[in-house]
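# Architecture and fold: a report
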Amino acid sequence: MTQITPQPGIMDIALYQSGESHVEGVRDILKLSANENPYGPSPKAKEAIAEAIAEVHRYPNTDHAPLRAAIGQVHGLDPERIICGVGSDEILQFLCQAYAGPGDEVLYTEHGFAMYRILGLAAGATPVEASERERVTDVDALLAACTERTKLVFIANPNNPTGTMIGGNELARLANGLPEGAILVLDGAYAEFVDGYDGGVSLVDSRDNVFMTRTFSKLYGLGGLRVGWGYGPKDIIDVLSRIRQPFNLSDIQMSGAIAAIRDRDWAERCTKENARMRVWLSEQLAALGIPCDTSLANFVLARFADQAEAEAVDTHLKSQGVIVRRVAGYGLPQCLRITVGDEAGCQRVIDGIRTYQEGRK
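Here's a quick rundown of the structure. Since the structure is predicted, the reported quantities are computational estimates derived from the model, not experimental observations.

### Some remarks on the overall build of the protein
- Helix and strand counts for the protein stand at 12 helices and 12 strands.
- Compactness check: the protein gives a C-alpha radius of gyration of 21 Å against a globular reference of 21 Å for 361 residues, within 12% of the reference.
- Along the longest, intermediate and shortest principal axes, the C-alpha atoms of the protein span 60 × 55 × 50 Å.
- Counting only residues that meet the buried cut, the protein has 52% of its 361 residues in that class.
- In the form shown here, the protein has an accessible surface area of approximately 16,400 Å², with 49% of it arising from carbon and sulfur atoms.
- Across the protein, the centroid of the 35 positively charged side chains sits 3 Å from that of the 47 negatively charged ones.

Listed below in structure tokens is the structure:
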């Protein structure tokens, strides 16, 4: 019997574990495990999605021109240098497929997003992890880990699951220090939550080895639609466009995304509320003796005494219907990642942890 085997690297991939969404025997569930927008998408996006259903029997356009134009207008970018995908994950997959393979290395940080390793392995490349400094990207460690085999360097800024980020000078130093032929990929899934941050646009525009990605799943509340985009040098966009499937996004996806990104009032309201409740949640956790690094995303990383305490708190919160995210798989077994919910949701988190602590006395 002929043995059928997959390409090298694929069987080294552990199946991705998404955030939980239900608890056995508990009805009133508050899901704070996937960094979703607690206010949902713009009402205008919902209307656009409903209208697009009438044309669901038609194939969508293949060049995403209206969506690219909307993104370009809002962010002041050249639409010809934008590519759209099924979430920003698909753009990251394109990059690995196009630029990394057997014998190449894909570099990321110690507590970086799990998909970097997964996508590198899927392309047959070797994943390489660089240490962080107190849960913050360490440019010196990344540069030290680079070799002539390094093809892609992934940085989430702000990072998931830590919420920390580095500034423009450090990003530029990293881009300048990469070996020839390597691409710095700035994953900006949470960039919209940082006041005054362009997500890496200025760096992309000033260099030919930097690429950035963004998503509609976080701020814009369209995680269920799966829409993302990338911006980079025209040469890289040309390469990625050759491997993108022509109908990777439906009209429903694109219509919802266009309406969402054009509704600046809704986006501003969501960012302001996230910033307000993020500060409140961090301060309340600190008052309970639970430290968090300064987060610039829509979640906080709560640090407990050890793994046992983190798991006990998580179990107690689940019993109260509150689902947060264990991040032991990210090398942070003593931590819980907690999405910043609305005011009532954040209060439930604090009340749940307080009752746990009181029960331990």
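### Remarks on the environment of Gly85
- Within the element layout of this structure, Gly85 appears in strand 2 (residues 82-85).
- Residue class for Gly85 comes out buried when judged on its relative accessible area of 0%.
- Measuring from C-alpha to C-alpha, the distance between Gly85 and Arg269 comes to 26 Å, with 184 residues separating the pair along the chain.

### Considering helix 10 (residues 264-287)
- The end-to-end C-alpha distance of helix 10, which contains 24 residues, comes to 35 Å, matching closely the 34 Å that a straight helix rising 1.5 Å per residue would cover.
- In this structure, the buried side of helix 10 is in contact with helix 1 (43-52), strand 9 (299-303), strand 12 (335-339) and helix 12 (343-360).

### Observations regarding the state of the cysteines
- All chains considered together, the criterion is met by 0 disulfides.
- Lacking any disulfide linkage, Cys84 is separated from the closest cysteine sulfur, that of Cys96, by 19 Å.
- With no disulfide of its own, Cys292 lies 8.8 Å from the sulfur of Cys335, the closest cysteine sulfur.

### Re the pairing of strand 3 (residues 105-109)
- Across the 5 residues that make up strand 3, a large majority, 5, are buried.
- Alternating residues of strand 3 divide into Glu105, Leu107 and Thr109 and Val106 and Tyr108, and every residue in both groups is buried.
- As paired elements, strand 3 and strand 4 (residues 126-130) share 5 bridges and run parallel to each other. Looking across to strand 4, one finds that Glu105 is bridged to Thr126.
- This β-α-β element, strand 3 to helix 4 (residues 114-122) to strand 4, shows right-handed connectivity.
- Here 3 bridges tie strand 3 to strand 5 (residues 150-156), and the two strands are oriented parallel to one another. Bridge pairing links Leu107 to Val153 in strand 5.

### Observations concerning the nonpolar core
- Core analysis: the biggest nonpolar cluster contains 60 residues, and Leu67, Leu184, Phe216 and Trp229 have the highest contact counts within it.
- Broken down by element, this core gets its largest block of residues, 6 residues, from helix 9 (residues 251-262).
- Ignoring anything within four residues of it in the chain, the contact list for Trp229 reads Ile71, His75, Leu77, Ile82, Ile83, Cys84, Ile91, Met212, Thr213, Arg214 and Phe216.
- Within the second largest apolar cluster, 30 residues are counted, among which are Ile91, Leu92, Phe113 and Leu152.

### Some words on the environment of Arg337
- By secondary structure assignment, the location of Arg337 is in strand 12.
- Residues Arg337 and Pro79 lie 258 residues apart in sequence; the distance between their C-alpha atoms is 35 Å.
- When near neighbours in sequence (up to four residues on either side) are disregarded, Arg337 contacts Leu32, Ser33, Ala34, Asn35, Asn160, Pro161, Phe299, Val300, Leu301, Val324, Arg325 and Val327.
- Reaching out from Arg337, the side chain makes a polar contact with the side chain of Asn160 at a distance of 2.8 Å.

### Here we look at the side chain of Asn35
- Note on placement: Asn35 falls in the loop between strand 1 (30-31) and helix 1.
- Separated by 2.9 Å, the side chains of Asn35 and Tyr190 make a polar contact.
- For Asn35, the contacting residues outside a window of four places in its chain are Asn160, Tyr190, Lys218, Asn298, Phe299, Arg337 and Thr339.

### Concerning the sheet that holds strand 8 (residues 228-231)
- Taken together, the 7 strands give an open sheet; going across it, the order is 2-8-7-6-5-3-4, and neighbouring strands pair in mixed fashion. Of all strands in the sheet, those with a lone pairing partner are strand 2 and strand 4, marking the two edges. Strand-to-strand twist across the sheet, computed as the mean angle between neighbouring axes with direction ignored, equals 20°.
- Two elements, strand 5 and strand 6 (residues 183-187), share 5 bridges in a ladder whose sense is parallel. Bridging from a neighbouring strand, Val153 pairs with Leu184 of strand 6.
- Lying on the sheet, helix 8 (residues 234-243) is in contact with strand 2, strand 6, strand 7 (210-215) and strand 8; it crosses strand 2 at an angle near 30°.

Rules behind the numbers
- Residues numbered from 1 in each chain as written.
- Predicted model: local features only at pLDDT ≥ 70, side-chain atom pairs only at ≥ 80, totals over all residues.
- Heavy atoms only, no water.
- Helix = DSSP H or I, 4+ residues; strand = E, 2+ residues; numbered from the N terminus.
- Rg over C-alpha atoms; globule rule 2.2 N^0.38 Å.
- Buried < 20%, exposed > 50% of the residue type's maximum accessible area, 1.4 Å probe, protein only.
- Areas by Shrake-Rupley, 256 points an atom, 1.4 Å probe, with all protein chains shown as cover.
- Lys, Arg positive; Asp, Glu negative; His and termini not counted.
- Charge placed at Lys NZ, Arg CZ, Asp CG, Glu CD.
- Expected span 1.5 Å × (residues − 1).
- Contact = heavy atoms within 4.5 Å.
- Disulfide = S-S within 2.5 Å.
- Pairing = 2+ DSSP bridges.
- Right-handed = clockwise from strand over helix to strand, strands pointing away.
- Core = buried A, V, L, I, M, F, W, Y, C linked by side-chain atoms within 4.5 Å.
- Polar contact = N/O pair within 3.5 Å; in protein donor to acceptor, adjacent residues only side chain to side chain.
- Axes fitted to C-alpha atoms, helices over the stretch in contact; angles between N-to-C directions.

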